[in-house]
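Now for the letters of each chain:
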Amino acid sequence: MKLGRLNHIGVATPSIADSIAFYRDVMGATKIHEPFDLESQGVKVCFVDTPGADGALNGTQIELIEPLPGNTSIAGFLAKNPAGGQHHMCYEVPDIHAAKAEFEALGKRVLGEPRIGAHGTLIFFVHPRDMGGILTEIMETPKEGEHWSN
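Here is what the cut-offs are and how they apply
In every chain, residue numbers begin from 1 and rise along the written sequence. The predicted nature of this model means local features are confined to residues of pLDDT at least 70 and side-chain atom pairs, given and counted, to a pLDDT of 80 or more, with totals for whole chains, interfaces and linings taken over all residues. Side-chain figures throughout are based on the complete set of non-hydrogen atoms in the structure, without hydrogens or water. The secondary structure listing takes helices from DSSP runs of H or I that are at least 4 residues long and strands from runs of E that are at least 2 residues long, numbered from the N terminus. We compute the radius of gyration from the C-alpha atoms alone; for a globule the expected value is 2.2 Å times N to the 0.38, where N is the number of residues. Exposure categories follow from relative accessible area, calculated using a 1.4 Å probe and restricted to protein chains: below 20% of the type maximum is buried, above 50% is exposed, and the middle band is partly exposed. Charged residues are defined here as Lys and Arg on the positive side and Asp and Glu on the negative side; His and the ends of the chain fall outside this count. To locate a charge, the coordinates of NZ of Lys, CZ of Arg, CG of Asp or CD of Glu are taken. Throughout, the arc means that of the directions going from the helix axis to the C-beta atoms. Every residue gets a pLDDT, meaning the predictor's confidence in that residue, from 0 to 100. We call two residues in contact whenever any of their non-hydrogen atoms come within 4.5 Å of each other. Side-chain rings of Phe, Tyr and Trp (the six-membered ring for Trp) are treated as a pair once their centres are within 6.5 Å; stacked means planes under 30 degrees apart, edge-to-face means over 60, and tilted covers the remaining angles. To qualify as a nonpolar core, a set must consist of buried Ala, Val, Leu, Ile, Met, Phe, Trp, Tyr and Cys residues joined through side-chain atoms within 4.5 Å. When DSSP finds two or more bridges between two strands, those strands count as paired.

S.K.: What exactly am I supposed to notice about the overall build of the protein chain here?
M.R.: Counting its secondary structure elements, the protein chain contains three helices and eight strands. Ordered by position in the sequence, the α and β elements of the protein chain form the string β-α-β-β-β-α-β-α-β-β-β. What you see for the protein chain is a C-alpha radius of gyration of 15 Å, in line with the 15 Å of a compact globule of 150 residues. Across its three principal directions, the C-alpha atoms of the protein chain cover 45 × 40 × 25 Å. Residues classed as buried in the protein chain amount to 43% of the 150 residues present. Looking at charge distribution, the protein chain has the averaged site of its 12 positive side-chain charges lying 7 Å from that of its 19 negative ones.

What follows is the structure, encoded as structure tokens:
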């Protein structure tokens, strides 16, 4: 398994609206995407773009995540961390199924089957106990012309 591009850092928040204000007013974010519900995962999501090495807004994104009613995983995280905080890190891979097989061959606990994530591409998560204490999302790199950001 080769380390791919760090696509985004997931940040759980009790209020996307408050987090948008923080990233805009305190951190100086200039490109904040429209929040949307990702019903299949029980969350509201909003992406915040950060600058890349060339200064353009093509760096690692911040993914703000607020639980929708009935979501237990993000709600549980917020119960332990009421102010919110870093939830996961997401790396890109060229082939999601090959990556899943490689992680499993290494004895890593993959949490579920690949499914469509917030960027519209296939994702899966790897248990934090197998990843240095960090919940890790693996995301298939979008193909040319595919949706990659909301």
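S.K.: When you look at helix H1 (residues 16-25) in this model, what are you seeing that I'm missing?
M.R.: What sets the pattern is the α-helix's 3.6 residues per turn: residues three or four places apart point alike. Taken residue by residue, H1 has Ile16, Ser19, Ile20 and Tyr23 as its buried positions. Projection of H1 onto a plane perpendicular to its axis shows the buried side chains occupying an angular sector of 105 degrees, all on one side. Facing away from the buried side of H1, by more than 90 degrees, are the exposed residues Ala17, Asp18 and Asp25.

S.K.: I'm lost on the confidence of the model for the protein chain in this one. Help?
M.R.: Residues of the protein chain with pLDDT of at least 70 account for 95%, and the chain-wide mean is 92. The low-confidence segment residues 146-150 (pLDDT under 50) makes 15 contacts with residues lying over four places distant or belonging to another chain.

S.K.: Quick question: what am I supposed to make of the packing of aromatic side chains here?
M.R.: For any pair of aromatic rings, the description consists of the separation of the ring centres together with the inter-plane angle of the planes. Here the structure, examined in full by the defined rule, presents two aromatic pairs. Considering the side-chain rings of Phe22 and Tyr23, the 5.2 Å spacing of their centres and the 85 degrees angle between planes classify their relative orientation as edge-to-face. When its relative accessible area of 38% is taken as the criterion, Phe22 is described as partly exposed.

S.K.: Teacher, can you tell me more about the nonpolar core here?
M.R.: Where a protein is soluble and globular, its nonpolar side chains tend to be buried together. The biggest cluster of nonpolar side chains holds eleven residues, and these are Ala12, Phe36, Leu38, Val43, Val45, Phe47, Ile65, Ile74, Phe77, Leu78 and Ala118. Not counting residues up to four positions away in its chain, the partners in contact with Ile65 are Gly10, Val11, Ala12, Thr13, Val43, Lys44, Ile74, His87 and His88. Listed in part, the nine residues of the second largest apolar core include Val11, Ile20, Tyr23 and Ala29.

S.K.: What exactly am I supposed to notice about the pairing of strand S3 (residues 43-48) here?
M.R.: Each regular strand shows side chains that alternate between the opposite faces of the sheet. Within S3, five of the six residues are buried, which leaves the element mostly enclosed by the surrounding structure. Here strand S2 (residues 36-38) runs beside S3; their pairing, made up of three bridges, is antiparallel. By the bridge assignment, Leu38 is partnered in S3 with Val43. Where S2 folds back onto S3 in an antiparallel hairpin, the turn is made up of four residues, including Gly42, whose phi is positive at roughly 70 degrees. Sheet topology note: the S3/strand S4 (residues 61-67) ladder contains six bridges and is antiparallel.

S.K.: Sorry if this is basic, but what is going on with the side chain of Ser15 here?
M.R.: Locating Ser15 in the fold gives a position in the loop between strand S1 (6-12) and H1. Given a relative accessible area of 17%, Ser15 falls into the buried group.

S.K.: Just checking my understanding: could you explain helix H2 (residues 73-80) for this structure?
M.R.: Along H2, the residues that are buried comprise Ile74, Phe77 and Leu78. Seen along its axis, H2 keeps its buried residues to an arc of 95 degrees; they face one direction. Pointing more than 90 degrees away from the buried face of H2 are the exposed residues Ala79 and Lys80. Close packing links the buried residues of H2 with S1, S3, S4 and strand S5 (85-93).

S.K.: Would you mind going over the environment of His127 with me for this structure?
M.R.: Looking at the secondary structure, you find His127 in the loop between strand S7 (122-126) and strand S8 (136-140). In this structure the C-alpha to C-alpha distance between His127 and Gly117, which are ten residues apart in sequence, comes to 17 Å. Residues in contact with His127, not counting those within four places in the same chain, are Arg109 and Leu111.

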